[in-house]
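# Results of the structural survey
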Amino acid sequence: MHRFEFRKRRLYCEEVPVDTLAATYGTPLYVYSRNTMLDHFTRLDSALAGIDHTICFAVKANSNLAVLRTFARAGAGFDIVSAGELYRVIAAGGDPRKAVFAGVGKTEDEIAFALGKRILFFSVESDVELARINAVARRLKTTARFCIRVNPNVDAHTHKYITTGTHENKFGLDFATAGKVYAAAGRMKNVRAVVVQMHIGSQITTTRPYQMAVGKLLAFVAGLRALGVDVQYVDIGGGMGIVYRDETPPTPVAFANAVAGRLKEFGATILFEPGRFLVGSGGILVTRVQYIKKTAHKTFVIVDGGMNDLIRPALYEAYHEIVPCVRRAGKGLVADVVGPICESGDFFAKDRALPALKAGDAIALMSAGAYGFVMSSNYNTRPRAAEIMVDGAKHRVVRRRETWDDLLAPERG
Ligand SMILES: *Cc1c(COP(=O)(O)O)cnc(C)c1O
């Protein structure tokens, strides 16, 4: 459920017509619905009420300060993959002691920064990384809490670029290797194992991969406890899918029902790290049609947003529903929706059946709240889009549109 809906001919975000936002703030424009994001958090949190748990929002999905502040106020923890993300979380009023730090390439400086902020734990992806964390913690005369990210080798049945839980991926360690690293950690003085973590992929639309992975994890945790490892937390990662087209992902309640029983068996605090699920359907990208170009073979709807604003179609072959911000009468068309960038990969849709459109119309790419703005770039010297937060009938700029001078500022010619 999200709060973008048509009332008569106009698309609304909560109580605000989206075409008004496009006219006020210009395009391309990211529009977020604060209450959609909050609802997703609250629904998941209440579905999991029977389990001792913390929801750690995966910051990389949407790291705007206003989004982070919304979740911080709701009591969320945060899943971070860089020291920069931790810096953002703190700037947004988030509690670093509820932050968990993942990622395969943490530098010494990042580890030191995170230790200084007393994060909850590091999710460690290799023995060499654990040795580095131990060394940094020793230098800072402290102890680092950590988990090993295990790779349970289950196929999440999602796009090949966003599956992370099979042995083909760079992520995590197989159970046997992870067991050895936990054992080796017992001989290191400045690290302490308190957790086991997994994250099997993204945009997962059934509960089955979770059930399989959790089953495997249970056996592993039992083995660790037998070795004397004090497993206080079990972190099952993120990955819950959303609707882009015709997917039928489990509701929070269905998800909780499917995994709750097994999760209780851990006898630990369970951490969840959803990113896409919390913010994906809570955001849209609004862009304006510049030209409708007809060739002998095809029709192209050329818009003012490009792959630099939303790269998911180019990178993941992702589908985003496209709707006009104001519906007009008339015949629809089949067209490619493309941006102005000098790349063939610069498209939002191919051979898409669209409703009637004219040059000057604002259109919305739905479900663009996750991995949208955060993956945008300045390619082709294009200032990045503004971001707007809508809360009921109120709306405000939560990131202003960049200017050409912003782009040139760090450079010396
Ligand atoms: C990306 C990531 C997440 C969030 O994934 P979603 O599919 O957006 O839920 C959670 N945990 C880790 C470790 C990640 O890398």
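Along each chain, residues carry numbers from 1 onward, in the same order as the chain's sequence is written. The model is predicted, so local features are restricted to residues of pLDDT at least 70 and side-chain atom pairs to those at 80 or more, both for listing and for counting; the totals for chains, interfaces and linings are taken over all residues. Remark: hydrogens and water are excluded; side-chain values derive from all non-hydrogen atoms of the structure.

### Focus: the overall build of the protein
Keep this limit in mind: Numbering of helices and strands runs from the N terminus, with a helix taken as a DSSP run of H or I at least four residues long and a strand as a DSSP run of E at least two residues long. Radius of gyration: C-alpha atoms only; globule rule: 2.2 Å multiplied by the number of residues to the exponent 0.38. Relative accessibility thresholds used throughout: buried, under 20% of the residue-type maximum; exposed, over 50%; partly exposed, between the two (1.4 Å probe, protein chains only). Contacts: residue pairs with any heavy atoms within 4.5 Å of one another. Residue exposure ignores everything except the shown protein chains as possible cover, and the areas themselves are Shrake-Rupley values with a 1.4 Å probe. Counting rule applied: Lys, Arg positive; Asp, Glu negative; His and chain ends not counted. The atom standing in for a charge is NZ when the residue is Lys, CZ when it is Arg, CG when it is Asp and CD when it is Glu.
For the protein, the helix and strand inventory stands at 12 helices and 20 strands. What you see for the protein is a C-alpha radius of gyration of 22 Å, in line with the 22 Å of a compact globule of 413 residues. Considering the protein as a whole, with its 413 residues, one finds that 56% of them fall into the buried category. The long-range share in the protein, meaning contacts at least 24 apart out of those at least 6 apart in sequence, stands at 71%. Carbon and sulfur atoms make up 51% of the accessible area of the protein, which amounts to about 17900 Å² in all. Put simply, the protein has 54 plus and 40 minus side-chain charges, and the middle of one group is 2 Å from the middle of the other.

### Here we look at the packing of helix 5 (residues 108-116) against helix 6 (residues 127-139)
The cut-off we apply is this: Every axis in this analysis is a line fitted to C-alpha atoms, fitted for helices over the stretch in contact. Angles between the N-to-C directions lie between 0 and 180 degrees. When an angle is under 35 degrees it counts as roughly parallel; over 145 it counts as roughly antiparallel; between 65 and 115 it counts as roughly perpendicular; any other value is oblique. Should the near helix be turned anticlockwise from the far one by less than a right angle, the crossing is termed left-handed; should it be turned clockwise, right-handed. Residues are sorted three ways: Asp, Glu, Lys and Arg are charged, Ala, Val, Leu, Ile, Met, Phe, Trp, Tyr, Cys and Pro are nonpolar, and all the rest, Gly among them, are polar.
At a minimum axis separation of 10 Å, helix 5 and helix 6 run at an interaxial angle of 55°. By the angle between their axes, helix 5 is oblique relative to helix 6. Considering only the axes of helix 5 and helix 6, their crossing is right-handed. Where helix 5 approaches helix 6, its residues Glu-108, Ile-111, Ala-112 and Leu-115 are matched on the opposing element by Arg-132, Ile-133, Val-136, Ala-137 and Arg-139. A per-class count over the contact of helix 5 with helix 6 returns 6 nonpolar, no polar and 3 charged.

### Focus: the layout of surface pockets
Heads up, the condition is: Lining residues are defined by having an atom within 4 Å of a point belonging to a cavity or pocket. Those points lie on a 1 Å grid over the protein atoms alone, cavities being sets where a 1.4 Å probe fits but cannot get out and pockets being open sets with protein on both sides within 12 Å along at least five of seven lines. Grid points are joined across faces, edges and corners, and a volume is the space filled by probe spheres set on the points.
Of the pockets and cavities examined, the second largest pocket occupies roughly 390 Å³. Forming the boundary of the second largest pocket are 22 residues, of which Met-1, His-40, Ile-242, Val-243 and Ser-281 lie nearest the centre. Secondary-structure elements contributing two or more residues to the lining of the second largest pocket are helix 2 (34-47) and strand 13 (283-294). Split into classes, the residues belonging to the lining of the second largest pocket amount to 12 nonpolar, 7 polar and 3 charged.

### Things to note about the sheet that holds strand 7 (residues 99-101)
Note the cut-off: One bridge is not enough; two strands pair if DSSP finds at least two bridges between them.
The strand order around the closed barrel formed by 8 strands is 5-6-7-8-9-10-11-12, and the pairing between neighbours is parallel. Taken pair by pair, the neighbouring strands of this sheet meet at an average axis angle of 30°, ignoring direction. Two strands pair when backbone bridges link them, and strand 7 and strand 8 (residues 121-124) are joined in this way by 2 bridges, in the parallel orientation. Looking across to strand 8, one finds that Val-100 is bridged to Phe-121. Packing against the sheet, helix 8 (residues 208-226) makes contact with strand 10 (191-197) and strand 11 (233-235), and its axis sits at approximately 160° to strand 10.

### Topic: the nonpolar core
Nonpolar side chains in soluble globular proteins generally cluster together in the buried interior. Stated formally: In this description, a nonpolar core means a group of buried Ala, Val, Leu, Ile, Met, Phe, Trp, Tyr and Cys residues linked to one another through side-chain atoms lying within 4.5 Å.
By size, the foremost hydrophobic cluster in this structure holds 106 residues, and its most contacted members are Phe-71, Phe-122, Phe-146, Tyr-182, Ile-236 and Phe-266. Top contributing element to this core by residue count: helix 8, with 8 residues. Not counting residues within four places of it along the chain, the set of residues in contact with Phe-122 comprises Phe-101, Lys-106, Ile-111, Ala-114, Leu-115, Ile-133, Ala-144, Arg-145, Phe-146 and Cys-147.

### A short note on the packing of helix 3 (residues 65-73) against helix 4 (residues 83-91)
Across the interface, helix 3 lies against helix 4 with an axial gap of 9 Å and an inter-helix angle of 65°. The way helix 3 lies across helix 4 gives a crossing that is right-handed. Within the contact between the two elements, helix 3 uses Leu-65, Leu-68 and Arg-69 and helix 4 uses Arg-88, Val-89 and Ala-91. Its residues placed into classes, the contact of helix 3 with helix 4 shows 4 nonpolar, no polar and 2 charged.

### Re the packing of aromatic side chains
Short version of the rule: Between the rings of Phe, Tyr and Trp (Trp by its six-membered ring), a pair exists once the centres lie within 6.5 Å; its type follows the angle of the planes, with under 30 degrees stacked, over 60 edge-to-face, and the other angles tilted. Charge-over-ring placement is defined geometrically: NZ (Lys) or CZ (Arg) within 6 Å of the ring centre, and within 35 degrees of the ring normal.
Inspection of the entire model under this criterion finds 11 aromatic pairs. Ring geometry for Phe-121 versus Tyr-233: centroids 6.2 Å apart, planes at 45°, classification tilted. Here Tyr-233 lies in strand 11 and Phe-121 lies in strand 8, a separation of 112 residues in the sequence. The burial state of Phe-121 is the same as that of Tyr-233; both residues are buried. A ring pair is formed by Tyr-210 and Phe-255, whose centres lie 5.1 Å apart and whose planes are at 85°; its orientation type is edge-to-face. Residue Tyr-210 is found in helix 8, and its partner Phe-255 is found in helix 9 (residues 252-265); the two are separated by 45 residues along the sequence. Given the relative accessible area of 2%, Tyr-210 is considered buried. An aromatic cluster is built from Phe-146, Phe-175, Tyr-182 and Phe-220, whose rings are joined through pairwise contacts. For the cation-ring pair, Lys-106 lies above Phe-101, with the distance from its terminal atom to the ring centre recorded as 5.6 Å.

### A look at the site of the ligand
Rules: Near residues are defined by distance, with any heavy atom within 4 Å of the molecule or strand qualifying the residue. Polar contact is defined as a pair of N or O atoms within 3.5 Å, subject to the rule that within protein one atom must be able to donate a hydrogen and the other to accept it, and that residues adjacent in sequence are counted only when both atoms are side-chain atoms.
Taken together, 15 residues form the shell around the ligand, and within it Lys-60, Ser-202, Gly-239, Glu-273 and Tyr-371 come nearest. Here Gly-239 contributes a backbone N or O atom positioned 2.7 Å from an oxygen atom of the ligand. Gly-275 has a polar backbone atom sitting 2.9 Å from an oxygen atom of the ligand. Protein contacts shield 94% of the accessible area of the ligand, which totals 390 Å² for the unbound molecule.

### Side note on the sheet that holds strand 2 (residues 10-13)
Read across the sheet, 3 strands follow the order 1-2-3 without closing on themselves; strand pairing throughout is antiparallel. In this open sheet, the two edge strands, each paired with only one partner strand, are strand 1 (4-7) and strand 3 (16-17). In terms of strand pairing, strand 1 meets strand 2 through 4 bridges, oriented antiparallel. Bridged to Phe-4 within strand 2 is Cys-13.

### A few points about the side chain of His-320
Along the chain, His-320 turns up in the loop between helix 11 (312-316) and strand 15 (322-324). By relative accessible area, which is 0% here, His-320 ends up buried. Excluding residues within four positions of it along the chain, His-320 makes contact with Tyr-244, Leu-310, Arg-312, Pro-313, Arg-352, Leu-365, Met-366, Ser-367 and Ala-368.

None of the figures reported here should be taken as evidence of function without further support.
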